Amino acid sequence: MAVPAVDRRAFLKGAGLVAGTVVAVSALGGCSTAPTPRGYGGAPRPLPVPPLADATGDATSLTYRLTAQAGDSRILPDVSTRTWGFNGTHLGPTLTARRGDRVTVEITNTLGETTTVHWHGMKLPAVADGGPHSPIEPGATWSPGWTVENTAATLWYHPHTHGLTGLHAYRGLAGLFIVEDEVSDSLDLPRDYGVDDIPLVLMDHRFNEDGSLDETDLPDLGLLGDTPTVNGITNAHFDASTPRVRFRVLNGSTMRFYNLAFSDDRAFNVIASDSGFLPEPVERGMLPIGPGERWEILVDLEPGDDISLVSLPFPDNFGVPEDGYTPDFGLGDQFTLLGITGPPEGSGPAPAVPGVLDVRAATGPDTTDAPQRDFLLNTFSINDLMMDMNRVDVVIDHSGPEIWKVTNDNSDWPHNFHIHNARFRVNRFEGTGVEVFNDGWKDTVSLPPGAGATLAVEFGHHPDPTWPYMYHCHMLYHEDQGMMGQFVIVEPGQTPALETGSSEHTHRH
Ligand SMILES: [Cu+2]
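In this text, all values refer to a predicted model and were calculated from it rather than measured experimentally.

## Remarks on the coordination of the copper ion
Argument step 1. Those donors, His415 (ND1), Cys473 (SG) and His478 (ND1), are the protein atoms that reach the copper ion, and they lie 1.9 to 2.1 Å from it.
Argument step 2. One chain supplies every donor for the copper ion, spaced along it as H-x57-C-x4-H. Of the two residues, His415 sits in strand E27 (residues 415-419) while His478 sits in helix H5 (residues 476-481), which places them 63 residues apart along the sequence.
Argument step 3. Residue classification places His478 among the buried positions, given a relative accessible area of 0%.

Shown next, in the form of structure tokens:
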């Protein structure tokens, strides 16, 4: 359905006025007048680390089993919260595989509600991708299988239920999928999972007085929270045992952008983006991360260090106007995310950071003669259209790369853009004065108001006219409101013929 531009603007203005109260509420999480978010008083708790999942099968053909289940968790220290998780009450275990492995995941849904599981960042056949066309009904088991073709990277999995992705992720359905290969083997990097190689799943929540999750969608903001959590708890603390720690940071929040830094402003090295290693480490003091994105960073620590990983207010509010008409996306908020203490006395200095990480990442795809497509993001639409499970928006009938020019057409809202079954380079970033770090291979790009990103996109090539892949805004309230489209990869001359899906919308309103 097309949405006339005039109506969108009118809606936006009206919504902004309604959101006036939200601005005030969200500002409580801000830096200057902010009280401590709930769960951050008192003693910190040790950072939980999601367990590594056990695989069955032989060395190169792995089978994982995930059970989506509900249960009670201690997100807050003093009260239990009903949450969802895989193989546990909250979040999910970390899956691992090597490039070239055959992977099968048997997912059983015991939730009592239909959900799906999508492999974010993975190149794989659309039938295994776990988008909205692959519902797992209550009591059912879904067993996708594929051969891992990604290079070493920190990927993740989360629901992609039509109209309900944000809610299902917010309840806790998210886990990491770490891919290793011969390059990651060869690098002198921290690799002892849970010791010096630490996943950090960032989320944010709102709580009712009784400790239950507040699942009320705020106007325009959906499930934006006022309380940050790391690996499922508030006020987490990590005691380093080594002089260098590798953090694999996932922004698993539904709507929140974080501006990562350390409390003492120390520099750190960025070593990997969404889709794998950078060609060489890049030293940074701040690092924005949008919903769905991942960064791997190295931080060096000394005995006696007592610091925090924090999220700082975005310079220039990420280009979003601070007025009475624009919803407060929390871009001015400041949070302590994770307390960190240095290694024990007597720990030596960290070794030199490798000067080269992955020469394969130094160049993008050759886009000479590559087709270009344009995507205009505005409010809840892409190219004036909202998601329709029965409509194919893009047909790709070749195996080469494409140029996708993605523009945030809103002057006052941030968006971001994620493409399934693909990785891309950000070749140009324009239309905004806001600096966004976009080095390396990515699968999700953050777009401040007005920003245009020219992406050189490399797709997995698994032609199948019957199953679509998704592209969408990864601010999940936007996605759930319809900010998503479908593409199909076919053989030359083939016509898409979707056999799956339905026009039934399951929006919760
Ligand atoms: Cu959006």
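The structure having been displayed, the exposition proceeds.
## Concerning the sheet that holds strand E1 (residues 45-46)
Argument step 1. The six strands are arranged E1-E14-E22-E21-E16-E19 in an open sheet whose pairing can be described as mixed. Of all strands in the sheet, those with a lone pairing partner are E1 and strand E19 (287-289), marking the two edges.
Argument step 2. Across three bridges, strand E16 (residues 258-262) lies against strand E21 (residues 306-311) in antiparallel orientation. Counterpart to Ala261 in the pairing with E21 is Val310.

## As for the nonpolar core
General note: in soluble globular proteins, nonpolar side chains tend to be found buried as a group.
Argument step 1. Ranked by size, the top nonpolar core spans 44 residues in total, and within it Trp404, Phe417, Ile419, Leu455 and Phe487 carry the most contacts.
Argument step 2. Here this core takes four residues from strand E30 (residues 452-459), the largest share from any one element.
Argument step 3. Membership of the second largest hydrophobic core comes to 31 residues, among which are Leu47, Val230, Phe238 and Leu309.

## Topic: the pairing of strand E13 (residues 227-230)
Argument step 1. Judged by which residues are buried, E13 turns out to be covered on both faces: Thr227 and Thr229 on one side and Pro228 and Val230 on the other are all buried.
Argument step 2. Judged from the four bridges that link them, strand E12 (residues 197-205) and E13 form a sheet pairing that is antiparallel. Along E13, the bridge assignment pairs Leu202 with Val230.

## Some details on the packing of aromatic side chains
Argument step 1. Applying the stated criterion to the full structure yields 24 aromatic pairs.
Argument step 2. Measuring from centroid to centroid gives 5.9 Å for Trp404 and Phe487, while their planes differ by 80°, and the two rings are edge-to-face. Pair noted here: Trp404 is in strand E26 (residues 402-408) and Phe487 is in strand E32 (residues 484-489), with a separation of 83 residues, a long-range link. Comparing Trp404 with Phe487, the two get one shared label, buried.
Argument step 3. Grouping aromatic residues by their ring pairs yields a cluster made of Phe375, Trp404, Phe417, Phe459, Tyr469, Tyr471 and Phe487.
Argument step 4. If you follow Arg423 out to its NZ or CZ, it ends over the ring of Trp441, 3.7 Å from the centre.

## Quick look at the side chain of Thr254
Argument step 1. Inspection of the secondary structure assignment puts Thr254 in the loop between strand E15 (244-251) and E16.
Argument step 2. Judged by relative accessible area, Thr254 falls into the buried class, the value being 5%.
Argument step 3. The residues contacting Thr254, other than those within four sequence positions of it, are Gly166, Tyr170, Asp204, Leu223, Leu224, Pro291, His474, Met475, Leu476 and Tyr477.

## Description of the environment of His474
Argument step 1. Here His474 lies in the loop between strand E31 (469-472) and H5.
Argument step 2. When the C-alpha atoms of His474 and Thr165 are compared, they prove to be 9.8 Å apart, with 309 residues separating the residues in sequence.

Criteria and thresholds
- Residues numbered from 1 in each chain as written.
- Predicted model: local features only at pLDDT ≥ 70, side-chain atom pairs only at ≥ 80, totals over all residues.
- Heavy atoms only, no water.
- Donors = N, O, S within 2.8 Å, 3.2 Å for Na, K, Ca; no water.
- Helix = DSSP H or I, 4+ residues; strand = E, 2+ residues; numbered from the N terminus.
- Buried < 20%, exposed > 50% of the residue type's maximum accessible area, 1.4 Å probe, protein only.
- Pairing = 2+ DSSP bridges.
- Core = buried A, V, L, I, M, F, W, Y, C linked by side-chain atoms within 4.5 Å.
- Phe/Tyr/Trp six-rings, centres within 6.5 Å; stacked < 30°, edge-to-face > 60°.
- Lys NZ or Arg CZ within 6 Å of the ring centre and 35° of its normal.
- Contact = heavy atoms within 4.5 Å.

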